[in-house]
Amino acid sequence: MHPDIKKTWLETDVLIIDEISMINASTFDLLHSIACEIRQCYDELFGGIQVIACGDFFQLPPVSGQFVFKSQIWLHYMTEVLVLTQCFRQKDDEQFFGALNDLRVGQVSDKTINYFMTRCFEKDENLNSKYTRLFFRNIEVDVYNNQKMETIKQEGYWFYAKDVIKNRNIPCSFQIPAAVYLKIGAIVMLVRNINVEEGLCNGTIGTVILIESNAVWVMMNKKEVKIECVKEEILDCSHTVVGSRFGLPLKLAFSFTVHKAQGSTMNKAVVQFNSKAFINSLYYVSLSRVCNINDIFIIINNKFNLRTLFKSITVDSDVLEFYKEYM
């Protein structure tokens, strides 16, 4: 039904799936079934494609469903496991790496708690406003981003996308925002791949330095980049365009969710532990985005609550069982 996608499936020899912890078992099984059907090969994993799954099951779990290692397809085919033990992000701060690993495996000592307490703040007024904030929920991200925009004493500009919907019966979910309000000095994130070779891909963060009538200049990867409106299309099962949006592929990024940050390395990060929506693995993921303990700032209304939170951290029993023979 999608000739170009089908061609990719047929020509792929090796499929690398990153952040595998966030893929649930049913999705993995579904992808296997699709691959087998397209490639007309039913007795090999993904129809004969070599699958390399990378990630850490101690990190963020699937939003719903079971861990991927519960899949019968996974249990039958994914028999080779290699556990990587060398740390790269915190390689120059062994104490930080050790404390983070305590959180990761749910064995938090008083020594570890005292170590992280040195980075705990009840208010963030004195912290650099350019440090990225990490939240768990999108609504918290939106509120903070809007608050930061209000502090910029520059003229603001709205960029409105233009939609063409040909079939109202098919819901169209676009990556490009319907509207985005920008000012010079705003921190933004690309939501579409623009030039992967130059590092201008979905998730790249930069600072707005100039605003034109139909484009925005952003400092990204230490380069001045002109971001113009692009077209995004939604196709139906017959490869027919049912909807399109022409707009600016940027959104505010003074803050974003921990889920969005998994896999990223940040220079500085402020983690908001005031949210009641935090789950155990989010503590480790959020605090391990930086290279040095001095680059993380924990915000919580009451410092004493942080001790209780750290003491209550546990690890999913299925994850512990999975790693039992490798740890």
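Thresholds, definitions, all that
Residues numbered from 1 in each chain as written. Predicted model: local features only at pLDDT ≥ 70, side-chain atom pairs only at ≥ 80, totals over all residues. Heavy atoms only, no water. Pairing = 2+ DSSP bridges. Helix = DSSP H or I, 4+ residues; strand = E, 2+ residues; numbered from the N terminus. UniProt positions renumbered as here; feature names shortened; annotations may be inferred. Buried < 20%, exposed > 50% of the residue type's maximum accessible area, 1.4 Å probe, protein only. Axes fitted to C-alpha atoms, helices over the stretch in contact; angles between N-to-C directions. Left-handed = near helix turned anticlockwise from the far one by under 90°. Contact = heavy atoms within 4.5 Å. Nonpolar A, V, L, I, M, F, W, Y, C, P; charged D, E, K, R; others polar.

1. Concerning the pairing of strand β11 (residues 223-228)
Then, number 1: Pairing analysis gives 6 bridges linking strand β10 (residues 215-220) to β11, with the strands arranged antiparallel. Paired with M220 across the two strands is K223, which belongs to β11.
Then, number 2: Once β10 ends, the chain turns through 2 residues before running back antiparallel as β11, passing N221 with a positive phi of about 50 degrees.

2. Thoughts on the UniProt feature "domain: DNA helicase Pif1-like 2B" (unreviewed entry) in the protein chain
Then, number 1: The UniProt record marks residues 180-209 with the feature "domain: DNA helicase Pif1-like 2B" (unreviewed entry), using the residue numbering of this structure.
Then, number 2: Overall, residues 180-209 shows 0% helix and 40% strand. The separation of its end C-alpha atoms is 16 Å.

3. A short note on the pairing of strand β4 (residues 132-135)
Then, number 1: Residues of β4 alternate between two faces, with T132 and L134 on one and R133 and F135 on the opposite face, all of them buried.
Then, number 2: Looking at chain direction, β4 and strand β16 (residues 269-272) are connected through 3 bridges and run parallel. The partner of L134 across the bridge, within β16, is V271.
Then, number 3: Sheet analysis places β4 next to strand β15 (residues 255-257), joined by 3 bridges and oriented parallel. Each residue of the ladder has a partner; that of R133, found in β15, is S255.

4. Quick notes on the packing of helix α4 (residues 94-105) against helix α5 (residues 110-117)
Then, number 1: Direction vectors running N to C along α4 and α5 enclose 120 degrees, while the axes themselves pass 10 Å from each other. α4 and α5 meet at a crossing whose hand is left-handed. In contact with Q95, F96, A99, L100, D102 and L103 of α4, α5 contributes T112, Y115 and F116.
Then, number 2: Broken down by class, the residue content of the contact of α4 with α5 amounts to 6 nonpolar, 2 polar and 1 charged.

5. Quick notes on the UniProt feature "domain: DNA helicase Pif1-like DEAD-box helicase" (unreviewed entry) in the protein chain
Then, number 1: UniProt marks residues 4-110 with the feature "domain: DNA helicase Pif1-like DEAD-box helicase" (unreviewed entry), using the numbering shown here.
Then, number 2: Structurally, residues 4-110 comprises 39% helix and 7% strand, and the distance from its first C-alpha atom to its last is 56 Å.

6. Details of the sheet that holds β16
Then, number 1: Across the sheet, 5 strands lie side by side as β3-β17-β16-β4-β15; this open sheet has parallel pairing. Either end of the sheet is taken by a strand with one partner, and the two such strands are β3 (120-121) and β15.
Then, number 2: As paired elements, β16 and strand β17 (residues 296-299) share 4 bridges and run parallel to each other. In the strand pairing of β17, V271 is matched with I298.
Then, number 3: Each of β4, β16 and β17 is contacted by helix α8 (residues 280-287), which is oriented at about 145 degrees to β17, the strand it contacts most.

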